[in-house]
Amino acid sequence: IKFSDLESIINDIKIKNHINSCNTSIQIIDELFYTRVIISFTNANGQIKRFQTAFRTISNYLKDVWNEIIESEDGSITLNIK
């Protein structure tokens, strides 16, 4: 998938699971043979629902996101999304 496709994937998960969140974050973890994505939805009460998925590859990262993944010790980055 393309990095820009993650937003529509997150929206699909919200709709299918009837999630009303005030904060959403994703953690992208570069594993050896795949990329793991953990999506965390936080509601107004502070409760968190997490969903995890994996992709063979994610292409077309933004340059600063890719650099952060490469430079991190564990090959991951966490992004907060509106």
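The preceding data block contains the structure.
Thresholds applied
- Residues numbered from 1 in each chain as written.
- Predicted model: local features only at pLDDT ≥ 70, side-chain atom pairs only at ≥ 80, totals over all residues.
- Heavy atoms only, no water.
- Patch = residues over 30% accessible without salt bridge, like charges linked within 9 Å, V, L, I, M, F, W, Y side chains within 5 Å.
- Areas by Shrake-Rupley, 256 points an atom, 1.4 Å probe, with all protein chains shown as cover.
- Salt bridge = Lys/Arg side-chain N within 4 Å of Asp/Glu carboxyl O.
- Helix = DSSP H or I, 4+ residues; strand = E, 2+ residues; numbered from the N terminus.
- Pairing = 2+ DSSP bridges.
- Core = buried A, V, L, I, M, F, W, Y, C linked by side-chain atoms within 4.5 Å.
- Buried < 20%, exposed > 50% of the residue type's maximum accessible area, 1.4 Å probe, protein only.
- Contact = heavy atoms within 4.5 Å.

Undergrad: How should I be thinking about a nonpolar patch on the surface in this particular structure?
TA: A contiguous nonpolar patch, built from L32, F33 and Y34 and spanning about 380 Å² of accessible area, is present on the exposed surface. Tracing the backbone shows L32 in the loop between β1 (23-30) and β2 (35-42).

Undergrad: When you look at the pairing of strand β3 (residues 48-55) in this model, what are you seeing that I'm missing?
TA: Summarising the sheet, β2 and β3 pair through eight bridges and their orientation is antiparallel. Opposite S40, over in β3, you have R50 as the bridge partner. A loop of five residues connects β2 with β3, the two strands running antiparallel in sequence, and G46 in this loop sits at a positive phi of about 90 degrees.

Undergrad: Is there a simple way to explain the nonpolar core in this structure?
TA: When a protein is soluble and globular, its nonpolar side chains tend to lie buried together. Core analysis: the largest hydrophobic core is formed by 17 residues, its most contacted members being F3, I26, I28, I39, Y61, V65 and L79. Only α1 (6-16), β1, β2, α2 (63-71) and β4 (76-81) provide two or more residues apiece to this core. Once residues within four sequence positions are removed from consideration, I26 is found in contact with L6, I10, V37, I38, I39, I77, T78, L79 and I81.

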